[in-house]
Amino acid sequence: MALNQSYDLFFIFIFNLSLLFTLLPFSFSQTVADAPSPAADTCNGIFLSYAYTSGTKLKPTDPKHQPYRFESVLTVLNNGDEKLKSWRAFVGFKNDEYLVSASNAVLADGTSLPANVGNGTVFAGYPMTDLKTAIETAGDLDQIQVQVKLLGTQFGVAAPSVPLPETIHLANDGFLCPKPSLQGKSEMQVCCTKDPKFKTNVTVEDEFLPRQSGDLTIMYDVTRTYDSNYWAQVTISNHNPLGRLDNWKLSFDWMRDEFIYTMKGAYPYVVDSSDCIFGPQGQHYRDLDFGNVLNCERRPTIIDLPLTKANDTTMGMIPKCCRNGTILPPTMDPSKSSSVFQMQVFKMPPDLNRSELSPPQNWKINGTLNPNYKCGPPVRVSPSQFPDPSGLPSNTTVVASWQVVCNITRPKNASPKCCVSFSAYFNESVVPCPTCACGCPRNSANTCRANATAVLVPPEALLVPFENRTAITRAWADLKHFTVPNPMPCGDNCGVSINWHLSSDFSRGWSARITIFNWDETAFPDWFAAVQLNKATPGFQKMYSFNGTALELNGVNNTIFMQGLPGLNYIVAETDAANPQKDPRVPGKQQTVISFTKKTTPSINIAAGDGFPSKVFFNGEECALPSMLPTNSGNRKGSTTVISILIAVLVFMLVQQ
């Protein structure tokens, strides 16, 4: 009897235990899923998998664009024989995904979460950037594998369908990744192997990755370190011959509740310590006077100091600091192509020791009328070396260095900030800047047409603001029998406009005139412009009011770089006319004539288009170009030819007499 009761109790225990495992929360099953997939056993490279785990319908209900919550896991496993440094993985999202959070990774383009990733995105490791090998760790998954748990919103894919990405692959250089395969209906996998044809100057024994090249680089050098804080020097260097920054603003994300105590050479855009006082920083640093703290924002914005602070013993005295936010291209002035500042950063536990250093992430930099830069994540590089401050012939090595590489990019649907008009000696009309070249007002339907083609204007119309051109344009259209829409086309809304005028065309050479108009409230000191002439640049001879130089870009000699001569390197802002109540405002203006020879370009056809630029830049920003060129009707050229013949005949007759 007792034996039967024991068996009954044993089976009851087993039944309850199995029921317990059945009812365990998802977190337990996820822990089990953290182990590598069986398919990873056959991969002798870098194994990647993307597994969809769950999703629910979200409000609001929208049959055409229904949002759904999704949760998924991206796994990167190093099954190779070399350490994978600064791992990066591409996930080809395709369902208009909006990513809310991602563990153990950041977006490689420097975008902060939440963010739209519907066109695909690259993840970079954080805080674990390198994946060691199973050989050196005895297969420790915590060191050879990273799992990125993703949470976000996708649109249009309802159960039982699964919102998998288009593809996944390793984004590091030197690897070949085939098309991923499906594992069931909710997971895709791929094994990436080393490309035998890829050449690199990095050896396996190198502790750090080499410094990379880019349009602009940012060095984050830790110069001194203590238990609770450290000093970092930030160096912004411009490497693009046409890149530039004016009034630069630099921002980044602190990932571990760090805050800026003091700075030299730059300053926070907002000085505020309230986030520290009411946050965990105030609880930990009880004896610290937060009245002296400069900034406690999780994402601070840093601005440059004016020139007057360069020799300030408290805020300045840093080489290459305090230039009012201007970073020139190296082709213009190498000594002004970088900017430097220092800051004292306080850390938070558990990072309270000298060797625990973590750079900020998600870097972003921009200027006023400048190119758009997209920055990658900071990459650990070999420590920088600086000349010894004592003047001795030796170098001082910093504690640790990270490099951020930024490249010029034009975001989708982004509007330029400058535009170009074309005119020529053989046509009395000017082809103006395109309609809404730099954007249009939101409510423009009743006042102007945003989709109408810009109407040809007389040359004098370029001298007045667009809102004052209506009467001139209509009168010119009536005179030339042009069709004018009603309402009129919208303006270009550009702060800077540039007119390229074809002045002359002879058998041995030709000339053009370029005029720069500043319609903005901001003046442009040390300005520069550049034009790309695909066929005519080799014939460039001289500029008469600017300093012009033929520039070779990417091995092609097709660019002319120009800047103002001493005394002409400043374009003033738009100002009031002599009689503001009657006359329109007057733009800042600079102008020069450019001469060319045809000796090196004998087959060039100036009037047909070779005399007009294919690209125009102002202060690094690429300007919008007209959609058509001035037409050569032949009337003026023909009449000029007839007059020339008559003069030649008259001279011949006089000689005969």
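What you see is a predicted model, and the numbers here were worked out from it, not measured in a lab.

Looking now at the overall build of the chain. When helices and strands are tallied, the chain shows nine helices and 38 strands. Buried positions account for 46% of the 657 residues belonging to the chain. In the chain, of all internal contacts separated by at least 6 residues, the share reaching a separation of at least 24 is 69%. For the chain, the accessible surface area stands at approximately 34,000 Å², while carbon and sulfur atoms represent 54% of it.

Our focus in this paragraph is the sheet that holds strand β15 (residues 249–253). The sheet built from four strands is open, its strands ordered β17-β18-β15-β20 with antiparallel pairing. Of all strands in the sheet, those with a lone pairing partner are β17 (266–268) and β20 (361–366), marking the two edges. Pairwise comparison of adjacent strand axes, ignoring direction, gives a mean angle of 25° for this sheet. One ladder, built from three bridges, connects β15 with strand β18 (residues 301–304); its direction is antiparallel. Bridging across to β18, L250 finds its partner in I302.

Turning to helix α7 (residues 470–480), its buried residues are T473, W476 and A477. The arc that holds the buried residues of α7, viewed along the axis, is 100°, so those residues lie on one side. In α7, the exposed residues that point more than 90 degrees away from the buried face are A471, D478 and L479.

The next subject is the pairing of strand β3 (residues 88–91). As paired elements, β3 and strand β7 (residues 121–125) share four bridges and run antiparallel to each other. Residue pairing in the sheet places F90 in a bridge with V122 of β7. Bridge count for β3 against strand β9 (residues 168–170) is three bridges, and the pairing is antiparallel. Bridge assignment links A89 to a residue of β9, and that residue is L170.

As summarised here, the arrangement of the six strands in space is β27-β26-β28-β29-β36-β32, forming an open sheet in which the pairing is mixed. Sheet topology places β27 (427–431) and β32 (540–543) at the edges, where each strand pairs with a single neighbour. In this sheet, neighbouring strand axes are inclined to one another by 20° on average, regardless of whether the strands run parallel or antiparallel. Two elements, strand β26 (residues 418–424) and β27, share two bridges in a ladder whose sense is antiparallel. What sits directly across from A424, in β27, is N427.

Each neighbour pair has its own omega, and for K59 with P60 the value is 0°, a cis peptide bond. Mapped onto the elements, P60 comes out in the loop between β1 (46–57) and β2 (67–78). The linkage connecting L113 with the following residue, P114, adopts the cis geometry, with an omega of 0°. Tracing the chain through its elements places P114 in the loop between β5 (105–107) and β6 (115–116).

A few words now on the pattern of salt bridges. Per the counting criterion, the structure on display carries 15 salt bridges. Residues D351 and R256 are paired through a salt bridge, measuring 3.0 Å at the closest nitrogen-oxygen approach. Separated by 95 residues along the polypeptide, D351 in the loop between β19 (338–346) and β20 and R256 in the loop between β15 and β16 (259–264) bring together distant segments of the chain. Note on D351: relative accessible area 7%, which makes it buried. When its relative accessible area of 25% is taken as the criterion, R256 is described as partly exposed. Between D576 and R585 there is a salt bridge, with the nearest N and O atoms lying 3.1 Å from each other. What makes R585 partly exposed here is its relative accessible area of 28%. If you follow the salt bridges from partner to partner, you end up with E521, E574, D576 and R585 in one network.

Applying the stated rule across the entire model yields nine disulfides. With a sulfur-sulfur separation of 2.2 Å, C419 is cross-linked through a disulfide to C433. Measuring the twist about the S-S bond at about 80°, one finds the C419-C433 disulfide to be right-handed. One end of the pair, C419, is in strand β26; the other, C433, is in the loop between β27 and α7, with 14 residues separating them in the sequence. The pair formed by C419 and C433 is uniform in burial state, with each residue classed as buried. One disulfide bridge connects C436 with C440, the sulfur atoms lying 1.5 Å from each other. The class for C440 is partly exposed, based on a relative accessible area of 30%.

The rules behind each value
Note that residues are indexed from 1 along each chain, following the sequence as it is written. Given that this is a predicted model, residues contribute local features only at a pLDDT of at least 70 and side-chain atom pairs are listed and counted only at 80 or more, while totals for whole chains, interfaces and linings are drawn from all residues. The side-chain values count all of the structure's non-hydrogen atoms but skip hydrogen atoms and water molecules. What counts as a helix is a DSSP run of H or I of at least four residues, what counts as a strand is a run of E of at least two, and both are numbered from the N terminus. Note on classification: 1.4 Å probe, protein chains only; a residue is buried when its accessible area is under 20% of the maximum for its type, exposed when over 50%, partly exposed between these limits. Residue contacts are defined here by distance: any two heavy atoms, one from each residue, within 4.5 Å place the two residues in contact. In this description, accessible areas are obtained by the Shrake-Rupley approach with a 1.4 Å probe, and a residue is regarded as covered only by the protein chains that are shown. Strands were regarded as paired on the criterion that DSSP finds at least two bridges between them. Angular values range over 0 to 180 degrees, each being the angle between N-to-C directions of two axes fitted as lines to C-alpha atoms, with helices fitted over their stretch in contact. To obtain the arc, one takes the directions from the helix axis to the C-beta atoms. A side-chain nitrogen of Lys or Arg and a carboxyl oxygen of Asp or Glu constitute a salt bridge if their distance falls within 4 Å. Pairs of cysteine sulfur atoms within 2.5 Å are identified as disulfides in what follows.

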